[in-house]
Every structure is written in C-alpha cells, then in structure tokens.
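The chain contents come next:
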Amino acid sequence: MTSQAIATVEAYFDALGARDMERVLSHFPPDATWTIPGNPALTPWAGSRTGPEGIRQSLTEFFTAVEPLAFELGPMVEADGRVLAPGRYASRFHPSGQVLESEMIMRFTVADGLITDYRVFEDSFGITRAHLGGSLTATPT
C-alpha cells in the first residue's frame, strides 16, 4: 500500500516529467522551501527558494538549460511524512551540449498532501561543469 506522502511525490514526478509547470506548482504550499545544491551564479536553477514563485524561477531555468535523456527512479521510502526518492539520470546541459550521467537522492517533506520541503542531494560540481562545458577545475584545499 502506498502512503499518502509517496502518492503526493509520485504525482509531483508525473507533473515534472510532463514539464507541466502549473501542475508541478500545485503540489507546493505558499511557504514551501526548495533547495538544490550549487552556486546560482553558475547554475541558475540552484540555490534555495521559497514558495511557488521561487520554485517557478528555479524550474524555468532548469527547463531551459537541461534536456533529460534518461531518468530512473528507485523505490521510495517514507517515514513520518518524509519521502526519500533515489534515482539515476542522464541529461544534456545547454549551452555546452555536454551529457552527465549521475545518481541522486531527493528528500521530500509532505504535510496535508503538499510538499513543504524539497531537497536534492547530487553531484552539483559535475552538473556545473557539464552546464558550463567543463570549464571548472577542482582546487585541492
């Protein structure tokens, strides 16, 4: 049996896969938080946002810059309204045209059928390199 929280996240993924912005945003309350690791000066969809308009800004940048090639979602796990969703993806990043294949895990907090907090844990450095065309180098500390 699927929990209400997992059903909410599944509905979000359906809307995201269709790139249906209004349907995506319908899953978030006005005070929702949205966090994607990375520097928004380098990858404009990264950073922390609040509310549907902040999420819209992030997703608009993401939809412009990222062409999905493959996406595989693993089994989701839920406890006390928190859903962990592991996945793998391949994406082409624009303007560079580079492709990145990677793994990630997304954490959703769901309350009353809405996603109140979204955080993704992924290779933000690899994404930035692919987006900018590999022009970044790691500097040892």
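Residues numbered from 1 in each chain as written. Predicted model: local features only at pLDDT ≥ 70, side-chain atom pairs only at ≥ 80, totals over all residues. Heavy atoms only, no water.

Draft legend 1. Region of interest: the nonpolar core. Counting 35 residues, the largest nonpolar core has Tyr-12, Phe-13, Phe-28, Trp-34, Met-106, Phe-108 and Tyr-118 as the members making the most contacts within it. At the level of secondary structure, the elements contributing two or more residues to this core comprise helix H1 (4-17), helix H2 (21-25), strand S1 (33-36), helix H3 (51-65), strand S5 (82-93), strand S6 (99-111), strand S7 (114-122) and helix H4 (124-132). Beyond its immediate sequence surroundings of up to four residues, Tyr-118 is in contact with Tyr-12, Phe-28, Thr-33, Trp-34, Thr-35, Ile-36, Met-106, Arg-107 and Phe-108. (Core = buried A, V, L, I, M, F, W, Y, C linked by side-chain atoms within 4.5 Å. Buried < 20%, exposed > 50% of the residue type's maximum accessible area, 1.4 Å probe, protein only. Helix = DSSP H or I, 4+ residues; strand = E, 2+ residues; numbered from the N terminus. Contact = heavy atoms within 4.5 Å.)

Draft legend 2. Representation of the pattern of salt bridges in the model. For the structure on display, the rule yields seven salt bridges. The closest approach of N and O atoms between Arg-107 and Asp-117, which form a salt bridge, is 3.4 Å. On the criterion of sequence distance, the pair formed by Arg-107 in strand S6 and Asp-117 in strand S7 is long-range, its members being ten residues apart. Asp-117 matches Arg-107 in its accessibility class, with the two residues each being buried. Residue Asp-117 pairs with Arg-119 through a salt bridge whose shortest N-O separation is 3.2 Å. Connected through shared salt-bridge partners, Glu-22, Glu-53 and Arg-56 make up one network. (Salt bridge = Lys/Arg side-chain N within 4 Å of Asp/Glu carboxyl O.)

Draft legend 3. How the structure looks around a nonpolar patch on the surface. There is a patch of nonpolar side chains on the surface, built from Val-77, Leu-84, Ile-105 and Phe-121 and spanning about 340 Å² of accessible area. Tracing the backbone through its elements, the reader meets Ile-105 in strand S6. For Ile-105, a relative accessible area of 33% gives the class partly exposed. (Patch = residues over 30% accessible without salt bridge, like charges linked within 9 Å, V, L, I, M, F, W, Y side chains within 5 Å. Areas by Shrake-Rupley, 256 points an atom, 1.4 Å probe, with all protein chains shown as cover.)

Draft legend 4. Structural view of the environment of Ser-58. Turning to its location among the elements, Ser-58 is positioned in helix H3. For the pair formed by Ser-58 and Pro-44, sequence separation is 14 residues and the distance between their alpha carbons is 7.1 Å.

Draft legend 5. Representation of the packing of aromatic side chains in the model. Tallied over the entire structure, the rule returns twelve aromatic pairs. Look at Tyr-12 and Phe-28: their rings are 5.8 Å apart centre to centre, the planes differ by 85°, and that puts the pair in the edge-to-face class. Of this pair, Tyr-12 sits in helix H1 while Phe-28 is found in the loop between H2 and S1, placing the two residues 16 residues apart along the sequence. Classification of Tyr-12 as buried rests on a relative accessible area of 2%. (Phe/Tyr/Trp six-rings, centres within 6.5 Å; stacked < 30°, edge-to-face > 60°.)

Draft legend 6. Quick peek at the side chain of Ser-91. For Ser-91, the position within the fold is in strand S5. Judged by relative accessible area, which is 7%, Ser-91 ranks as buried. Not counting residues up to four positions away in its chain, the partners in contact with Ser-91 are Val-66, Glu-67, Pro-68, Leu-69, Gln-98, Val-99 and Leu-100.

Draft legend 7. Up close: the pairing of S7. In terms of strand pairing, S1 meets S7 through three bridges, oriented parallel. Of the residues in S7, the one forming a bridge with Trp-34 is Tyr-118. When S6 meets S7, the two strands line up antiparallel, connected through eight bridges. Bridge pairing links Phe-108 to Tyr-118 in S7. With antiparallel pairing between neighbouring strands as the criterion, S6 and S7 make up a hairpin whose turn holds two residues, including Asp-112 at a positive phi of roughly 55°. (Pairing = 2+ DSSP bridges.)

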